[in-house]
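Descriptive analysis of the structure
What follows is the residue order along each chain.
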Amino acid sequence: MQLKPKIWFLNFSSNFYSIIKRTVKFKVDKFEEFIKEVHRTQVKFESLVCFLNISALIDVSSGPKATSQGYEVTYFVKELKRIKGSVNTVIGRDNEGSLVVGTVTPNVFGRSEKLHCEFSYGSRQTRTFNVSFYKHFILDTLAELNTSVFQNESDWPNSGYKQIDRGTSIGLGFPFMQNIRHTVQWEGCWRELNMNTRYVSFDVREESGHTLKSAVKHILTVDTRNTPLMPTFGSLLQCTSEIAGLGGNIRFLKNEVLLQHNVEIFPETVIQGSVTGGVMRPLGSQKEIHICDKFCPINAFFFAFGPEFTIVIHY
């Protein structure tokens, strides 16, 4: 006999009705399966990142409108505020300090959309501006559509050049199996490489100017860590394939692999090791890899990358 419990949602706004209709599907025959389905539904709502807190209460159905099976589920939720702001500092690659100012609207239209704006200014005159829009889709699995518009400006006095990237991207991410996620992304980027002084190397002089890149990227992620931030155990495997040449004047094929493993040797003491490597080759009439597209740009050849061992192959 199929269980059809009565379901209540408290503190939900009316905008979430369409999400509730697609998410809540209690088609179970046993009480044990019913408990698992209550938990799965709660996890789906938590993954939307629209709620501060979600809890579920299972009770006996009573009253004149009681169900024939005698069960009802009540979900108690607390939605996030419509807009949040943050100001923080970050120490990034090459020990550069940056001030980051950002705003985010976790539920801008009331249906699990997120708009994120961020601006950063670095101690080495690096400036970044990014506007991103995210939309979750609850099908059989949770898929995420994201689009962004960005501008990155960086100055590398040791190498004698300044680089400005302006572009847009659109991507779709979806889980495939447990701990496995696929992401397909297109990116269009207009790059500008300018010389800072007249004493720069011939390689920089030769490749200075404007380039246009249109690339499609596929990312396979296998993540068994307990948390992405400061994990105490588990591994991360990320395989990235990128092909450029669908428009623009940049053509290459690039494959990268990142492997990370975490082991807790003592309480609150974790050893983390990671290795990354890749293979890259030009396509078509392009004979060499452009400076902007190399794994290790010339400004980063003599700087530490942190706890990583890097293998780079260009051919």
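These numbers were taken from a predicted model, which means no experiment stands behind them.

Our next topic: the overall build of the chain. Counting its regular elements, the chain contains 3 helices and 15 strands. Taken over 315 residues, the chain has a buried fraction of 36%. Taking all contacts inside the chain whose residues are at least 6 apart in sequence as the whole, residues at least 24 apart take part in 50%. On the chain, roughly 18,800 Å² of surface is accessible, and the fraction owed to carbon and sulfur atoms is 59%.

With respect to the helices and strands, the residue S154 is situated in strand β8 (residues 142-156). Residues within four places of S154 in sequence aside, it is in contact with T126, K162 and Q163.

A few words now on the layout of surface pockets. Taken as a whole, the second largest pocket holds about 1,100 Å³ of empty space. Around the second largest pocket, the lining comprises 30 residues; the ones closest to its centre are S47, L142, P175, I180 and R181. Listed by contribution, the elements that provide at least two residues to the lining of the second largest pocket are α2 (31-47), β8, β9 (161-177), β10 (180-195), β11 (209-223) and β12 (234-248). Counting residues per element, the lining of the second largest pocket draws most heavily on α2, which supplies 5 residues. Across the lining of the second largest pocket, the residue classes break down as 9 nonpolar, 13 polar and 8 charged. Domain assignment of the residues forming the lining of the second largest pocket places at least three in each of domain 1 (6-79) and domain 2 (139-314).

To continue, consider the packing of aromatic side chains. One pass over the structure, following the stated rule, counts 0 aromatic pairs. Cation over ring: K114 sits above Y134, and NZ or CZ is 4.8 Å from the ring centre. If you follow R166 out to its NZ or CZ, it ends over the ring of W190, 4.9 Å from the centre.

Atomic detail in the predicted coordinates should be set aside for any region of low pLDDT. In the predicted model, the chain carries a mean pLDDT of 80, and the fraction of residues at 70 or more is 80%. Averaged pLDDT values for the elements of the chain fall to 45 in strand β15 (residues 309-314) and rise to 94 in β11. Predicted confidence is poor over residues 297-315, with pLDDT under 50, and the contacts of this stretch with residues over four places away or in other chains come to 40 contacts.

With that out of the way, let us pick up α2. Here α2 spans 25 Å end to end across 17 residues, near enough to the 24 Å set by a 1.5 Å rise per residue. Remark: V49 follows α2 within two positions and exhibits a positive phi of approximately 55°.

What counts and what doesn't
- Residues numbered from 1 in each chain as written.
- Predicted model: local features only at pLDDT ≥ 70, side-chain atom pairs only at ≥ 80, totals over all residues.
- Heavy atoms only, no water.
- Helix = DSSP H or I, 4+ residues; strand = E, 2+ residues; numbered from the N terminus.
- Buried < 20%, exposed > 50% of the residue type's maximum accessible area, 1.4 Å probe, protein only.
- Contact = heavy atoms within 4.5 Å.
- Areas by Shrake-Rupley, 256 points an atom, 1.4 Å probe, with all protein chains shown as cover.
- 1 Å grid on protein atoms, 1.4 Å probe; cavity = no way out; pocket = protein on both sides within 12 Å on 5 of 7 lines; lining within 4 Å.
- Points joined across faces, edges and corners; volume = space filled by probe spheres on them.
- Nonpolar A, V, L, I, M, F, W, Y, C, P; charged D, E, K, R; others polar.
- Domains from an automatic or database assignment.
- Phe/Tyr/Trp six-rings, centres within 6.5 Å; stacked < 30°, edge-to-face > 60°.
- Lys NZ or Arg CZ within 6 Å of the ring centre and 35° of its normal.
- pLDDT = per-residue confidence, 0-100.
- Expected span 1.5 Å × (residues − 1).

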